[in-house]
Amino acid sequence: MTGAVSVRRRSPGRGEQGSALVLALLFLTVCGVTIGALLTFANASSNETTALRLTRGSDFDAQAAIQVAIATVRTGSSCTTSVYTPSAASLNNTTAPVRVDCYQLSSSTGSSAKRNDVFLVCPTSVNPPCDTNPSVPLLQANLIFYDTPIVGSSIGIQTWSSR
Amino acid sequence: MGTAVVAILVGSSATFTSSGANRQSTTSGIVARDYAEALDLAVAQGAWCSTSYTVSYTPPTGYTPTATFGACPATGPQYQTVTITVTQPNGSSEVFKTVVRQP
């Protein structure tokens, strides 16, 4: 049979014309996930660093506040609740201000005069006394002030514990 | 595709740079803490209330801690404010405020 036209029809679903689209979508998906993961990681790292800086600032603030409170009580000032509250200007972490509470355990006068006081550094957001919850104080110290021959002539640190 | 690859490379680079900066910042905090502890010891062993103290502390390579001391009180509670600045290898610095008291 001359003149017959043979028509070959491509069977559907077996060509390669659609593969480029699939590959492109796959590539875009992988790129998107990768970039998203990188950004998430960078953001988490930055947040962690910021949180660590604030925590360290609070640690420095607690140390500084208790030193000032000790120096104050050493001179003979009363050991009281809120014996010292640092100003915002002297804080490293202004978002978490602290105060120092002082409690006197014992005192004696005479030739061996001394005072045994406990200092607690607490967030100002916690109402005094801050020792009702053992987990609240950021820093706690038990000291003895020796008041002979003069008031606060020397200091003995009994305990010094940081949370 | 080229744009996507460039984006990934730029993102990776930014992540690595950010990670390095975060690490240096964190290390600076450790240096400052160690320096403050050494300073406490220096204050306890030296003459009280000075404009400078001889601090025995060797920081990690690239980190430089320095301290600026506040005025000494003439009377009243004897404590001195201290500002510790730690310069990082990348040039930026971390600043911490603390206090030393008369031993």
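Heads up: the structure comes first, above all this text.
On a predicted model such as this, the values are computed, not experimentally measured, just so you know.

Rules used in this analysis
Residues numbered from 1 in each chain as written. Chains lettered and ligands numbered in written order. Predicted model: local features only at pLDDT ≥ 70, side-chain atom pairs only at ≥ 80, totals over all residues. Pairing = 2+ DSSP bridges. Helix = DSSP H or I, 4+ residues; strand = E, 2+ residues; numbered from the N terminus. Axes fitted to C-alpha atoms, helices over the stretch in contact; angles between N-to-C directions. Contact = placed C-beta atoms within 7 Å.

Asks: Quick question: what am I supposed to make of the pairing of strand β1 (residues 98-108) of chain A here?
Replies: A regular strand places its side chains on the two faces of the sheet in alternate fashion. All names here are of chain A. Pairing analysis gives ten bridges linking β1 to strand β2 (residues 114-123), with the strands arranged antiparallel. From the neighbouring strand, Q104 faces β2, where its bridge partner is D117. Between the antiparallel neighbours β1 and β2 lie five residues, among them G110 with a positive phi of about 95°.

Asks: Please explain the sheet that holds strand β1 (residues 64-69) of chain B as it appears in this structure.
Replies: Backbone hydrogen bonds are what pair the strands of a sheet, in a parallel or an antiparallel way. Judged by pairing direction, the sheet is antiparallel, and its three strands sit side by side in the order β1-β2-β3 (chain B) without closing on themselves. Two strands bound the open sheet, and with one partner strand each, they are β1 and β3 (93-101) of chain B. Here the average twist between neighbouring strands, direction ignored, is 25°. Of the pairings in the sheet, the one linking strand β2 (residues 79-87) of chain B to β3 of chain B comprises nine bridges and is antiparallel in character. Bridging from a neighbouring strand, T81 of chain B pairs with V99 of chain B of β3 of chain B. Along the sheet face, helix α1 (residues 19-74) of chain A touches β2 and β3 of chain B and points at about 20° away from the line of β3 of chain B. With respect to the sheet, helix α1 (residues 2-45) of chain B is in contact with β1, β2 and β3 of chain B, its orientation differing from that of β3 of chain B by roughly 25°.

Asks: Looking at this structure, how should I read the sheet that holds strand β3 (residues 139-146) of chain A?
Replies: All names here are of chain A. Taken in spatial order, the four strands line up as β1-β2-β3-β4 in an open sheet, and their pairing is antiparallel. One side of each edge strand has no neighbouring strand; the edge strands of this open sheet are β1 and β4 (154-162). The mean inter-strand angle of the sheet, taken between neighbouring strand axes irrespective of direction, is 15°. Bridge count for β3 against β4 is eight bridges, and the pairing is antiparallel.

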